[in-house]
Number of protein chains: 2
Amino acid sequence: VEAAVCRIGLLGFGRVGQAVAALAASSNQLGDRGIDARVVTALVRDPGKPRSGARVPLGTSVRGFFDRPLDLAIEVMGGVDPAYACVRQALESGIPVVTANKSLMAAKGEELRAAAARAGVALAYDAAVLAGVPFIGALARRPFAGAPDRITGILNGTSHFLACALAAGRSFDDALAEAIERGYAEPDCSADVSGRDAAEKLTILAHLAGCRHLVPGDLPVFGIDAVHAADFDVARALGATIKPIASASFDPGNPGAWVGPALVDVNHPAASSRGVHNFVELREGDRAPVTFAGPGAGPDVTARTILDDVAEILAGAWRAPAIGGRSAARPADLRQPPAGAWYLRARHASFGVEDFAEHLAVHRVPALRLVSVGGAIAARTTPAPWHTVRAAADVLTSGGADVLLLPVMDATEANDERR
Amino acid sequence: VEAAVCRIGLLGFGRVGQAVAALAASSNQLGDRGIDARVVTALVRDPGKPRSGARVPLGTSVRGFFDRPLDLAIEVMGGVDPAYACVRQALESGIPVVTANKSLMAAKGEELRAAAARAGVALAYDAAVLAGVPFIGALARRPFAGAPDRITGILNGTSHFLACALAAGRSFDDALAEAIERGYAEPDCSADVSGRDAAEKLTILAHLAGCRHLVPGDLPVFGIDAVHAADFDVARALGATIKPIASASFDPGNPGAWVGPALVDVNHPAASSRGVHNFVELREGDRAPVTFAGPGAGPDVTARTILDDVAEILAGAWRAPAIGGRSAARPADLRQPPAGAWYLRARHASFGVEDFAEHLAVHRVPALRLVSVGGAIAARTTPAPWHTVRAAADVLTSGGADVLLLPVMDATEANDERR
């Protein structure tokens, strides 16, 4: 095959950028498809910083970056600024863009998709969510698959690793140190632990599903550090475990969202997934869900997905696809979780199991199952709206109890149609 | 949005074709993307047959079908003939084609892709494998994601349903009757039970992975009916279950394929999937696998995927993508399973556990674990090449034993990188 030259400019040249340059220079996969991908420049802040891998001409000026003829730009700076201005300038100059930047697409996705559509050039970001799993294109370009009324997933590998370690009885600090040592977490992993990273990814998926004006700040977000190690023992006593879940319902009858720990039935498919494994499940009506799963992060898998996006763009496949006209839900609808079953745990010196059961019954969230484990009392409740269970929890908190309130992911819900 | 009219001709008008016509006529999803899809004709054998749903002008002549101006053809006849001639004529007339026909794409995929490429028109077939899960595009258009060195999946819902029923202690006939009653299986379900349907789907995936000249007849195919109900008890004693697996390895060091029942460790993700749920797992090197899962069949999910393909084609996204230049493995390499661990079960009146252990050791497939359950002796062996374990099994068979030999899917292999 006579390969067509594609001159690529990298916006940013950190771990992912270096992996992209190395992979483009060394692999045969692009050449086999008739693509000669050449990274001709990389925009960096500090050209003196030690970097490994393929040698790429570095520049520090945005103007200099765009003075050079480019066929495609790959944005791997991370963060919203100055990435937004750079990507926008690329699109407005008629240069297609691939980005892996979830913060950018969550905060400015609508503006960038509009800029790409106006310029008639491609904007691809398959690596922004589940970096190693190609599925954004399916959501963005397929009207039926791309209009789920519920999206549920584990979207952050670091917090999933931490949850698994806590479930195995490890301490939070210990687990975090291992995650950093293994390279699953950056030394500054506040975005992972706090749920912000997962909230950005869920925002991108919600945009694709038609909730176009959502921003991460609209979502209720709770960190994995809200859960005590002892909660995993309580969960086990309830036939469940705890996972860092991101979920959004666009069902007009019961909209809502949640980013944070959730009680997951042991028979739920999410309960048996481990470590840095990520997944997204799309449901529509009472059909069996469609699930995409695989590695969620890492320079190598991210670079592969970025270069796959490049190949799709060069083949003409990514042409600023229209996002569905329908408006799935208003951002305001996603500020609290949808109605459902709840896990409510309280620690209170003068509180017995019977008191707890009565309290929940009086507040109209009767317990389906109650356990008392190591000084904590916990219930799995019947389905109820958020404000109802929230009120029951608030009374406990103001009475001096240490309270944890999480949504429940039922196994029956997930598995019914598969059986 | 001012919708562009797309005149669609249906090649075939059975359950899937009727579902396509009904969905195109009733849903808003296509209109939201600026597509006015109109089914203007359907080619049928018998126009007098009772049909439900949207009213579509029927015709019985292929010439008449192509005399009408069409923007797109959807082939839902099933089978290789006359579907092949019709699809080929459409492509050669410059009409893009969507097909859900796995038999056709398995037998004639190479010819049809070439015809589409010559004509410069699209040929999409996402519904041919895992009908409700959009992933063929990712394999076909993405050079990195699309070059796995191992593909493993449960590709047939009927045989999966039967395996689950057998595992629950039901009889084969009983389970089959229920599958037909529930609509999971057609009254003639020989293609499902025999493994032929799964072999056709695995062939399509192998083509996409670069093994372009494979035909289903090259693959070793065994039906789910090869397994006795008692084997599920034996499997349980070995910490495993039995699932209908389709798997191909393109690893030059250990190529091979298998379509049929396999022993699956209880901790393997496939062990916990149920019923008509299907999945495909792609592995490349020692990276964590990428998994696509969801409903594998049914007129409704198939129609949705077909119309999603239509939307992608009309958006310009499916333009006869090049299949990778690399040749992953020769079809001859896939005529036997790759080396691995084995499940070997024998029933023989005069054979004890010690005799069995010695027999396996002498034949260089020593048992890792041995159990004796209800008159059967079974082993899970150390890894060995197919011809070695085959020789050990053949000696048992010629000695009068009733023998079952299945590959083992290890949990460790599947989960290592996820932990």
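Structural data are supplied above this passage.
Residues numbered from 1 in each chain as written. Chains lettered and ligands numbered in written order. Predicted model: local features only at pLDDT ≥ 70, side-chain atom pairs only at ≥ 80, totals over all residues. Heavy atoms only, no water.

### Some thoughts on the state of the cysteines
At step 1: Enumeration according to the criterion identifies zero disulfides over all chains in this entry.
At step 2: With no disulfide of its own, Cys86(A) lies closest to Cys6(A) among cysteine sulfurs, the gap being 18 Å.
At step 3: Left without a disulfide partner, Cys189(B) is nearest to the cysteine sulfur of Cys164(B), which lies 16 Å away. (Disulfide = S-S within 2.5 Å.)

### A look at the pattern of salt bridges
At step 1: Counted under the stated rule, the structure contains 54 salt bridges over all chains.
At step 2: Arg283(A) is the salt-bridge partner of Glu281(A), the closest N and O atoms lying 3.0 Å from each other.
At step 3: The shortest N-O distance in the salt bridge between Arg287(B) and Asp300(A) comes to 2.6 Å. A residue pair is termed interchain when its members come from two chains, as with Arg287(B) in the loop between β10 (277-283) and β11 (290-295) and Asp300(A) in helix α12 (residues 299-314).
At step 4: Residue class for Arg287(B) comes out partly exposed when judged on its relative accessible area of 24%.
At step 5: The network of salt bridges with common partners includes Asp126(A), Arg141(A), Arg142(A), Asp308(A), Asp309(A), Glu312(A), Asp126(B), Arg141(B), Arg142(B), Asp308(B), Asp309(B) and Glu312(B). (Salt bridge = Lys/Arg side-chain N within 4 Å of Asp/Glu carboxyl O. Helix = DSSP H or I, 4+ residues; strand = E, 2+ residues; numbered from the N terminus. Buried < 20%, exposed > 50% of the residue type's maximum accessible area, 1.4 Å probe, protein only.)

### A closer look at the sheet that holds strand β5 (residues 97-99) of chain A
Residues and elements named next belong to chain A.
At step 1: If you walk across this open sheet you meet the six strands as β3-β2-β1-β4-β5-β6, and the pairing is parallel. Edge strands, defined here as strands with exactly one partner in the open sheet, are β3 (58-59) and β6 (123-124).
At step 2: In the sheet, strand β2 (residues 35-43) pairs with β3 via two bridges, with the strands oriented parallel. Its bridge partner being in β3, Ala-42 is matched across the sheet by Leu-58.
At step 3: Across the sheet, α12 touches β1 (4-11), β2, β4 (72-75), β5 and β6, and the angle it forms with β4 is around 155°. (Pairing = 2+ DSSP bridges. Contact = heavy atoms within 4.5 Å. Axes fitted to C-alpha atoms, helices over the stretch in contact; angles between N-to-C directions.)

### Brief notes about the environment of Ala165(B)
Residues and elements named next belong to chain B.
At step 1: Locating Ala-165 in the fold gives a position in helix α7 (residues 157-167).
At step 2: Classification of Ala-165 as buried rests on a relative accessible area of 6%.
At step 3: Between the C-alpha atom of Ala-165 and that of Ala-175, which follows or precedes it by 10 residues, the distance is 5.9 Å.
At step 4: Beyond its immediate chain neighbours, meaning those up to four positions away, Ala-165 contacts Arg-170 and Ala-175.

### Brief notes about the packing of helix α7 (residues 157-167) of chain A against helix α11 (residues 229-237) of chain A
Residues and elements named next belong to chain A.
At step 1: Where α7 meets α11, the axes come as close as 8 Å, and the angle between the chain directions of the two elements is 70°. With respect to their mutual orientation, α7 and α11 come out roughly perpendicular. Contacts from Ala-163, Leu-166 and Ala-167 in α7 reach Ala-229, Phe-232 and Arg-236 in α11.
At step 2: A class-by-class count of the residues in the contact of α7 with α11 yields five nonpolar, no polar and one charged. (Parallel < 35°, antiparallel > 145°, perpendicular 65-115°, else oblique. Nonpolar A, V, L, I, M, F, W, Y, C, P; charged D, E, K, R; others polar.)

### Some words on the packing of aromatic side chains
At step 1: All chains considered together, the criterion is met by 13 aromatic pairs over all chains.
At step 2: For the pair Trp342(B) and Trp386(B), a centre-to-centre distance of 5.3 Å together with 50° between the ring planes defines the contact as tilted. Residue Trp342(B) is located in strand β12 (residues 342-347), and its partner Trp386(B) is located in helix α14 (residues 386-398); the two are separated by 44 residues in the primary sequence.
At step 3: In this structure Trp386(B) comes out as buried when scored by relative accessible area, which is 15%.
At step 4: Aromatic pair Phe351(B) and Phe356(B): ring centres 6.2 Å apart, planes at 80°, arrangement edge-to-face.
At step 5: Among the residues examined, Phe351(B) registers a relative accessible area of 24% and is labelled partly exposed.
At step 6: Clustering of aromatic rings is evident, with ring pairs tying together Phe135(A), Phe292(A), Phe135(B) and Phe292(B).
At step 7: The ring centre of Tyr84(A) lies 4.9 Å from the NZ or CZ of Lys108(A), which sits over that ring. (Phe/Tyr/Trp six-rings, centres within 6.5 Å; stacked < 30°, edge-to-face > 60°. Lys NZ or Arg CZ within 6 Å of the ring centre and 35° of its normal.)

### Observations regarding the nonpolar core
At step 1: Phe135(A) and Phe135(B) are the most contacted members of the largest nonpolar core, which has 112 residues in total.
At step 2: If near-sequence neighbours (up to four positions away) are discounted, Phe135(B) is found in contact with Asp126(B), Val129(B), Leu130(B), Leu205(B), Val280(B) and Phe292(B). (Core = buried A, V, L, I, M, F, W, Y, C linked by side-chain atoms within 4.5 Å.)

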